[in-house]
Each structure stands twice: as structure tokens, then as C-alpha cells.
Amino acid sequence: MKRLAFALGLSISLAQSPAIHAAEPASTATAARQSAVQRALPFADRQDDDFAGRGFVATRSDPKIPGPGGIAWDLSTYDFLKGSAPPTVNPSLWRQAQLLSRHGLFKVADRIWQVRGFDIANITFIKGDTGWIVIDTLTTKETAKAALDLVTEKLGPRPIKAIIYTHSHSDHFGGARGLVDQADVGSGATEVIAPAGFLAEAVSENVLAGTAMSRRATYQFGFFLPPGPQGQVSSGIGQAISKGTTTLLPPTMTIDHTGQEMTIDGVRLQFQITPGTEAPAEMNINIPDLHVLDMAENANVSMHNVLTPRGALVRDAKAWSEYLTQSIRLYGDGAEVMMTSHGWPRFGHDAVIAFLTDHRDAYKYLHDQTVRMMNEGLTGPEIANRISLPDALARDWFNRGYYGTMSFNARAVYQRYMGFYDANPANLAPLDPADQAARYIKAIGGAKKVLALARAARASADDRWAVTLLNDLVLAEPDNRSAREMLAGAYDQLGYQSESALWRNMYLTGAMELRSGIRSGQSTASIDLIRNLPSAMLFDLISVRLNPEKAAGATLRLALTFPDRSERYYVLVRNGVLVAEPIAPPGPVDATISMPRSQLISALFLRSSLAGVRIEGDPQALSRLIGWLDVFKPDFPIVTRPAAR
Ligand SMILES: [Zn+2]
């Protein structure tokens, strides 16, 4: 922490600040808003309760699933979600969390079962003629193994004939090694099937920006919030991500076009490829003989994210809606049951079609109305403040914003077409936020005046304006305890009021860090993922760590060979830039180095030694290069900023 704080020029180290106060209780205004939600939404509609409970077989007897650091998952974590919502939780979110926290083995249809509530996602088991076909594997091998153990206990032991990854996100492939070993895949006993582009997307999506995304993900998922009525209650499409070991078994077969069909262990499967929707590589699966449609993560029990708040490339709401139309046309007629990678299934042809059609309309409305307002001259925040779904769509529980929100998604659609710039020249060269904030505070008349204005705003339940004032004061005066506590209190209330689990997690994590400082997390770029990177991508990852101040204008030329992979690279550092090409050196080099690629990865990411590396020429060349690389840690400040430069 200290090292990072120094690098960013921070004047204080938040990690050392003692806790200030605990979270506030719900204010009168918050309680009134919760009551209004209770009156406005169709809580008497119990269809989801029926669907989420249908086919229940049993759950695990020991609620704790062990993991590397203690517990990977605890089925009793959300036992507090009983009865009606407390005033500190939006009643609509409370209802969603109750449904998502149900756990166990459920029969979905003839020959199909799901284990739900063992991780953020679902794992699906299809009974083939001789073994299981598994769709998606949860996030970690510990929870995947626990799910398989439950299936074996209740349904008998069967070999796993195939694993199908619906898409390239780790909550759908990370548990693979809890089900089978690489040896089972190598021998051909288990096929691993994935959509085209899966491996490249799976290893690359969280790598280059992985540290920043990991840090932001601690906000999005509320990793450090204690579960409870004043803390984390859900993640909106599942309860939380398991804390185990993320693994990767590369696919042996690829699905590359819609209409592709295959029979695995006696079960006929039809595929619809949907690239660039929820994930860059994703597919839906129709099982025509069982009348079951698997919509992967393209249809959910919530509006999804067009732009995920932890950070990601922006998604395409228009393509998303078009693929949903295609699903209805291709598979709607025969579908009696629809299941998904998160949440509970839909039963009955009419319920499936009504769901897919209204869900499609929601994404189309989001896209079309954002673009309409954009063309009428409104900017992202203005559209976000004006857009909401029509009543008929908003009353569908599955269209509500437990994960993505209309407000956030409208700005994402704007970003996709227009970028971050709103065309106002005042925003071409903005001041640093901390610099601007300090000037505003001075212009208003100083910290005391701002605190008084903020207190008045809070008293009149205008928490968004209070947050605007107090955020500037905290940026200008990060040591101002009154400002930090008042801002944290405003975040508490906004978090309690949020229908989105993610917004709640982000507000409450912001409040927690204002009160008690930063806790460091883990990067998503696990070593298993890095080891699967193509070498070109590995050099991309090294390039973005190069700090030009440390390299100080130096030039370095290396000839690097990886005998274990029969690869060679010419690496050139000059002008603060690292360029790696898979060629023989075009001229003299400072050093010729031969080493297994795994050793380079260990030296770079686990700081292990370079002993035994064969270096001809300058013996210090490689360690000099490593010395120029920054070490990323996912614990940078978010609710405070570096001082102005
Ligand atoms: Zn997922």
C-alpha cells in the first residue's frame, strides 16, 4: 500500500486509517421510499417463487464448501434473507435475493438437472446414454466438485462425457478441473465444447486491464462487505462469486455457426452463436428432443449490463435484442422449458415466449430510445435521467435492474456510438477532479459552508446533491473526517434504496472505504490464465507494465527463445516502448537468452528467481528489463483521488 501511495503522490495512506463509525440505519426518507416500492410493484405475482422452487431434489448437508483459504462457499451465508424486507434493503432487491439464494439440486426436465445457489452461476447436468453432459462449470473447482458430489449422491455415479462452456466468462468455465482432469480430456474420455473464439476471449478479456478491473470488481460485487441487511445481500443475477480456485481446461471442439448440430452421448444439441452480446464468445443451446432451450447468459432474471461497472469493452444492445429475436424464431415453437446460466428456469411454452419477447423488447427499447434522445442532442447523463422502461415492460420482474440498470446502460449505449466526449468544448481539457474540487470548495466559501449545505441537502433527502457537494469536499480535503462520514452516510442511504444489487454494493463499499480505508483484493488475471496466454499477448501484458521513468530513455535489445514452445522473440525497448516480434534479431543484441516460457512467467508474476537461465552477452539485461516494469496491485484509491499534478 505504501509503495503504491507513494507512486500516486498521495498524501495519506488510507489503509492505516482507523474505522470512524459503523453504517447508518435507514433514514425516514429511505424507509418511505422502500414503502413506495412495496406498493408499486406486483409482489402478489408468485410465478417466480414457483419456478425457482420447482423440481427441488435436495441440497448439500454440510453448508460449508472448503476452499484454499478456508471456505470457498457457505450455503448458510444468506439465511438472514427471511420474511419481509428490512428498511435498509430495497424490497424488490430483497425479493430477488431470496429467490437467488435458494440452493440445491433441481430437476428441470426429463434428463436435465441444475445445481443452483452453489456459486454466482448455475451448473447443468444432462443425462446422456452413458454419462453426463455438463453445461457450464461454476467459477471454481471447489464449488464445481461440490455440485458434482451432490449429483452423484442423489442420482448415482456417471462419467462426464462432455463439458460445454456457453461463454468466455470465468463463472462458466473456472470450475472445470473440479469435474475432470486434463488426463480425461487428453484421452478423449471427455470432450470440452465451446463457442468460436472462446479461448482467446477467456484468457484475454481480463488480462491487460485485469488489475484495474479487479479493483473495481471489489466495488461491483461488494467483496469486502459483510453479508447482511446493512451489507451485501446479492449480486443481482446470483448471490456472490465463490472464493476458490479458478481453472481452465481448453476446449477440444468449437462451435462456429448457428444451425450447427451434434449428438453427444445420445443427446441432440443445436447451437446458436451469439458473439458480441453478453460475452464476446457466447452461444445458446437448443435440445429439441427434450423441448428445452438453454439461453446461456443472453436472457436472465434481470436486465444485464451493456457496460459492466467494474469495466469492460462496451456491449451491443442492438445485436443483443436481434439475437433474442433469432432465438424466438429458431427455437420458440418447440420450447417447453427455458433454462439459463444464472437464475431459475421458465416452465411452459407461453411463459418462455412471453419472457423472451418482453426481454427482447427491453433491450430494444433501451437501445432505440437512447439513440433517439442522442440524436435530439441529449448527452449520456441527461438520457440516463430521462429513460425508463414503459410500465408493461418494467412490471416484468426479469426486466428490472438488479444487475444492469437503465441509467447505466443508457450511458453505455451513448458511449458505444459517441465515446466519452459530450461535444462540449468545456470538457476538452478538464482539470484534475481533486484540483477542480478544491477550487469549487474555495468558491463556495470553504469546508464549513459546504458541510452546512450538504447537511441541509441530506435533511431534505436530496442525497444525490449531498453526494455531489461532499465528494468535492473529500477530494479537496481527504483528511476531513466530518466530510468523509457525512458522505459515507449519504452513500449508505443511496445503497439501501438501490434496486440494483451492484449499485448497492458500490455505494456501500464506497461508504466502507471512506470510514475504514482500502482493503486489497486479488487480480482476476490468475496464473492459470496467464499460462494459457499466447506469447504475443504475454508480451502485450509486459508492455503495459513498462514505466518510462524507470527505463529513463534506455535502449535494450534482446533475443529471447522459449525452447519448450519452439518460439523466438526479438524484444526492443526504446523511447519508453517495448516492442516484441516473433523474428530472429535483425541486428546486434545486448543479450541472447534461452529459457522456458513458464520460468519467465514465474519471474514476472511470482517474482521467482532467474537462476539457470542461459544468457549470452550482458548478464544483467533481463533483470534490468524486469526492474523497469511496474507491479500492479488492485488496491488503488477510488473515493479519494491523487493530488493534482
Ligand atoms: Zn455469468
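As a reminder, the structure under discussion sits directly above these lines.
Presented here is an overview of the structure given in this document. Note that the structure is predicted; figures quoted are calculated from it, not measured.

Turning next to unusual backbone geometry. One non-glycine residue, R111, lies in positive phi territory at about 70°. Of note, R111 is situated in the loop between β4 (104-109) and β5 (112-116). Residue R111 is classed as partly exposed on the basis of its relative accessible area, which comes to 25%. Despite not being glycine, S566 has its phi angle at roughly 50°, a positive value.

Moving on, we come to the pattern of salt bridges. Taken as a whole and assessed by the stated rule, the structure comprises 27 salt bridges. In this structure, D368 and K364 form a salt bridge, with 2.8 Å as the shortest nitrogen-oxygen distance. Taken as a pair, D368 and K364 lie in helix α10 (residues 349-375) at a separation of four residues, close to a single helical turn. Between D492 and R515 there is a salt bridge, with its nearest N and O atoms 2.7 Å apart. Here D492 is found in helix α17 (residues 481-497), whereas its partner R515 is found in helix α18 (residues 501-516), with 23 residues between them in sequence. No difference in accessibility class separates D492 from R515, as the two residues are buried. A network of salt bridges, in which partner residues are shared, links E24, R458 and D463.

Before going further, it helps to spend a moment on the coordination of the zinc ion. Tetrahedral metal sites with four donors have an ideal angle of 109.5 degrees; octahedral sites with six donors have ideal angles of 90 or 180 degrees. Protein-derived coordination of the zinc ion comes from D171 (OD), H172 (NE2), E297 (OE) and H342 (NE2), at a distance range of 2.0 to 2.2 Å. Coordination geometry of the zinc ion: the four donor atoms subtend angles of 84 to 172° at the metal centre, consistent with an arrangement described as irregular. One chain supplies every donor to the zinc ion, and in sequence these donors are spaced D-H-x124-E-x44-H. Here H342 lies in the loop between β15 (337-339) and β16 (346-347) and H172 lies in the loop between β8 (160-164) and α6 (182-186), a separation of 170 residues in the sequence. In this structure, H172 and H342 share a single accessibility class: buried.

This paragraph deals with the packing of helix α9 (residues 317-331) against α10. Direction vectors running N to C along α9 and α10 enclose 160°, while the axes themselves pass 8 Å from each other. Judged on the interaxial angle alone, α10 and α9 are roughly antiparallel. Between α9 and α10 lies a crossing of left-handed hand. Packed against α9, whose contacting residues are A317, K318, W320, S321, L324, T325 and I328, the element α10 presents L356, T357, H359, R360, Y363, K364, L366 and H367 at the interface. When grouped by side-chain class, the residues that make up the contact of α9 with α10 number seven nonpolar, five polar and three charged.

Counting 78 residues, the largest nonpolar core has F118, Y165 and L179 as the members making the most contacts within it. Broken down by element, the residue count for this core peaks at six residues, all from helix α5 (residues 141-155). If sequence neighbours within four positions are ignored, Y165 has contacts with D136, T137, H172, F173, A176, V192, I193, A194, P195, F198, L249 and M283. One finds M295, M374, F398 and V413 within the second-largest nonpolar core, a separate group that totals 34 residues.

We now examine the sheet that holds strand β17 (residues 556-562). The mixed open sheet is built from five strands, whose spatial order is β19-β18-β17-β20-β21. Strands with a single pairing partner mark the edges of an open sheet, and in this sheet they are β19 (577-581) and β21 (614-617). Strand-to-strand twist across the sheet, computed as the mean angle between neighbouring axes with direction ignored, equals 20°. When strand β18 (residues 567-574) meets β19, the two strands line up antiparallel, connected through five bridges. Within β19, the residue paired with Y570 across the bridge is E581. In this fold helix α20 (residues 535-543) packs onto β17, β18 and β19, with an angle of close to 20° to the strand it touches most, β18.

Here we come to the environment of V306. When you line up the elements, V306 lands in the loop between β14 (292-294) and α9. The exposure class of V306 is buried, given its relative accessible area of 0%. Between the C-alpha atoms of V306 and K448, which are 142 residues apart in sequence, the distance is 40 Å. Those residues within four positions of V306 in sequence are excluded, and the remaining contacts are V314, R315, A317, L366, N409 and A412.

Here strand β2 (residues 64-67) shows a clear split, with I65 and G67 buried on one side and none of K64 and P66 buried on the other. Hairpin geometry of β2 and strand β3 (residues 70-74) is characterised by an intervening segment of two residues between the two adjacent antiparallel strands.

Cut-offs and rules
- Residues numbered from 1 in each chain as written.
- Predicted model: local features only at pLDDT ≥ 70, side-chain atom pairs only at ≥ 80, totals over all residues.
- Heavy atoms only, no water.
- Helix = DSSP H or I, 4+ residues; strand = E, 2+ residues; numbered from the N terminus.
- Buried < 20%, exposed > 50% of the residue type's maximum accessible area, 1.4 Å probe, protein only.
- Salt bridge = Lys/Arg side-chain N within 4 Å of Asp/Glu carboxyl O.
- Donors = N, O, S within 2.8 Å, 3.2 Å for Na, K, Ca; no water.
- Tetrahedral: all angles 85-135°; square planar, octahedral: opposite > 155°, others 65-115°.
- Axes fitted to C-alpha atoms, helices over the stretch in contact; angles between N-to-C directions.
- Parallel < 35°, antiparallel > 145°, perpendicular 65-115°, else oblique.
- Left-handed = near helix turned anticlockwise from the far one by under 90°.
- Contact = heavy atoms within 4.5 Å.
- Nonpolar A, V, L, I, M, F, W, Y, C, P; charged D, E, K, R; others polar.
- Core = buried A, V, L, I, M, F, W, Y, C linked by side-chain atoms within 4.5 Å.
- Pairing = 2+ DSSP bridges.

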